[in-house]
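Next come the chains, spelled out residue by residue.
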Amino acid sequence: IPGTTVSGLPSRSPAAKGVDGYVLLMDLAAQRPRWPINEPEEFRVELQHWISENWDLEITVAEWWDRLARAGLTAPTWPRSQGGLAATIGIQAVVEEELAKIGAIAPPIMGLGIRMVGAAIRQFATPEQFEEIIPHLLTGQSFWTALMSEPGSDDPAATACVATFDWKHATINGTKTVLDLAATHAIMLARSTPGSTGRDGLTWLIVELAYQPTDLASGTVEFRDVRVLHDRVLGTRDDGWAIAKAV
């Protein structure tokens, strides 16, 4: 739980810094540690030292996740300009091994957040959407999922959930299957062109899940006249299949 210490006790440390500083670090990637990512064993030694200096049972989970993200260790295979280290899968495996070796809490990479949502945001988001979402995703300040399928069908082309656009808003109605029940935010696929079928007329939208009715038993979330601004469109309106293919 981000608000507790990594030992599960109430925090006795100052609150974690906001994301503004981390956004700046992503803009100024040179300030991130220059890990020896081309030398796996040297990287392992430096990582062990970094962990010994930063892993502390008295800090909050949020602070620990913030430290991992600032060091580029949450998603090390991502480019430095996007919060990573531009490292290989092998280096990522070293990070996972060394954190597990001492029982340190893993980065917030559970569910579809980093793997699917992160990939979509990195490829298709506007600069404003990227700066809004990626720091929170990497530091675990919000948990993300992707709402692609619906009850009765895992085929995105069968999407029946509708997004009706006016001059300012998109109004969402329908039910989506949710795999990450703890998610606070999501990217979701909706049918935005009236009368369209199959892969045509689909749009991805960025939504908050905190206020949407979620049925834990069936693993679904229902949208009833949920309105979002046009700037919540991810990628190109009515061309959502391009993102569905990519992720």
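If you're wondering where the values come from, they're calculated on a predicted model, not measured in any experiment.

Chemist: Talk me through the pattern of salt bridges; I want residue IDs and the actual numbers.
Modeler: Per the stated rule, a full pass over the model turns up 9 salt bridges. Here Glu-98 and Arg-44 are joined by a salt bridge, their closest N and O atoms 2.6 Å apart. With Glu-98 in helix α4 (residues 89-101) and Arg-44 in helix α2 (residues 40-54), this residue pair connects regions lying 54 residues apart in the sequence. When its relative accessible area of 3% is taken as the criterion, Glu-98 is described as buried. The shortest N-O distance in the salt bridge between Lys-176 and Glu-150 comes to 3.2 Å. Residue Lys-176 is found in strand β3 (residues 169-177), and its partner Glu-150 is found in the loop between β1 (144-147) and β2 (162-165); the two are separated by 26 residues along the sequence. For the residue pair Lys-176 and Glu-150, the accessibility class agrees, reading buried in each case. Within the structure, one salt-bridge network assembled from shared partners comprises Glu-41, Arg-44, Glu-97, Glu-98 and Lys-101.

Chemist: Can you lay out helix α3 (residues 61-70) for me, pointing to particular residues and giving the numbers?
Modeler: The α-helix winds at 3.6 residues per turn, so residues separated by three or four positions along the chain end up facing the same way. Of all 10 residues that make up α3, 8 are buried, and the element is covered over most of its length. Val-61, Glu-63, Trp-64, Trp-65, Asp-66, Leu-68, Ala-69 and Arg-70 are the residues of α3 that are buried. Positioned one or two residues after α3, Gly-72 has a phi angle of 80°, which is positive.

Chemist: Any details on the pairing of β1? Residues and values, ideally.
Modeler: Of the two faces of β1, both are covered, the one formed by Trp-144 and Ala-146 as well as the one formed by Thr-145 and Leu-147. Sheet topology places β1 next to strand β4 (residues 185-191); 4 bridges connect them, and they run parallel. Residue pairing across strands places Ala-146 opposite Ile-187, the latter belonging to β4.

Chemist: A description of the environment of Thr-177 should follow, citing residues and the corresponding values.
Modeler: In this structure, Thr-177 sits in strand β3. Note: C-alpha distance between Thr-177 and Ala-146 (31 residues apart in sequence) is 9.3 Å.

Chemist: Account for the packing of aromatic side chains, naming residues and giving values.
Modeler: Overall, the coordinates contain 5 aromatic pairs when judged by the stated rule. Their ring planes at 40° and their centres at 5.8 Å tell us that Trp-50 and Trp-64 sit as a pair that is tilted. Placement of the pair is Trp-50 in helix α2 and Trp-64 in helix α3, with a sequence separation of 14 residues. Overall, the relative accessible area of 13% leaves Trp-50 in the buried class. Residue class for Trp-64 comes out buried when judged on its relative accessible area of 0%. The rings of Trp-35, Phe-43, Trp-50, Trp-55 and Trp-64 are connected pair by pair, giving a single aromatic cluster. The lysine or arginine in question, Arg-237, covers the ring of Phe-165, its NZ or CZ lying 3.9 Å from the ring centre.

Chemist: Run through the side chain of Lys-176, naming residues and quoting values.
Modeler: Judged by relative accessible area, Lys-176 falls into the buried class, the value being 0%. At 3.2 Å, the side chain of Lys-176 forms a polar contact with the side chain of Glu-150. Within the local environment of Lys-176, its side chain forms a polar contact with the backbone oxygen of Leu-189, the two atoms lying 2.8 Å apart.

Chemist: Break down the nonpolar core for me, citing the residues and quoting the values.
Modeler: Grouped together as the largest cluster of nonpolar side chains are 27 residues, with contacts concentrated most on Ile-121, Ile-187, Trp-204 and Leu-234. Looking at this core, the elements that each hand over two or more residues are α5 (113-124), α6 (127-139), β1, β4, β5 (202-208) and α7 (241-246). Excluding its chain neighbours within four sequence positions, the residues that come into contact with Leu-234 are Ala-120, Ile-121, Phe-124, Ala-125, Gln-129, Ile-187, Trp-204, Ile-206 and Ile-243. Grouped together as the second largest cluster of nonpolar side chains are 21 residues, Phe-43, Leu-68, Val-95 and Ala-104 included.

Chemist: For α5, give the residues involved together with the corresponding values.
Modeler: Among the residues making up α5, those that are buried are Gly-113, Ile-114, Met-116, Val-117, Gly-118, Ala-119, Ala-120 and Ile-121. Where α5 is buried, its residues touch α6, β1, β4, β8 (233-234) and α7.

Chemist: Please set out the environment of Gln-212 residue by residue, giving values where relevant.
Modeler: Within the secondary structure, Gln-212 is located in the loop between β5 and β6 (214-215). Spatially, the C-alpha atom of Gln-212 lies 6.3 Å from that of Glu-222, the residues being 10 residues apart in sequence. Ignoring anything within four residues of it in the chain, the contact list for Gln-212 reads Val-221, Glu-222, Phe-223 and Val-226.

Conventions and cut-offs
Residues numbered from 1 in each chain as written. Predicted model: local features only at pLDDT ≥ 70, side-chain atom pairs only at ≥ 80, totals over all residues. Heavy atoms only, no water. Salt bridge = Lys/Arg side-chain N within 4 Å of Asp/Glu carboxyl O. Helix = DSSP H or I, 4+ residues; strand = E, 2+ residues; numbered from the N terminus. Buried < 20%, exposed > 50% of the residue type's maximum accessible area, 1.4 Å probe, protein only. Pairing = 2+ DSSP bridges. Phe/Tyr/Trp six-rings, centres within 6.5 Å; stacked < 30°, edge-to-face > 60°. Lys NZ or Arg CZ within 6 Å of the ring centre and 35° of its normal. Polar contact = N/O pair within 3.5 Å; in protein donor to acceptor, adjacent residues only side chain to side chain. Core = buried A, V, L, I, M, F, W, Y, C linked by side-chain atoms within 4.5 Å. Contact = heavy atoms within 4.5 Å.

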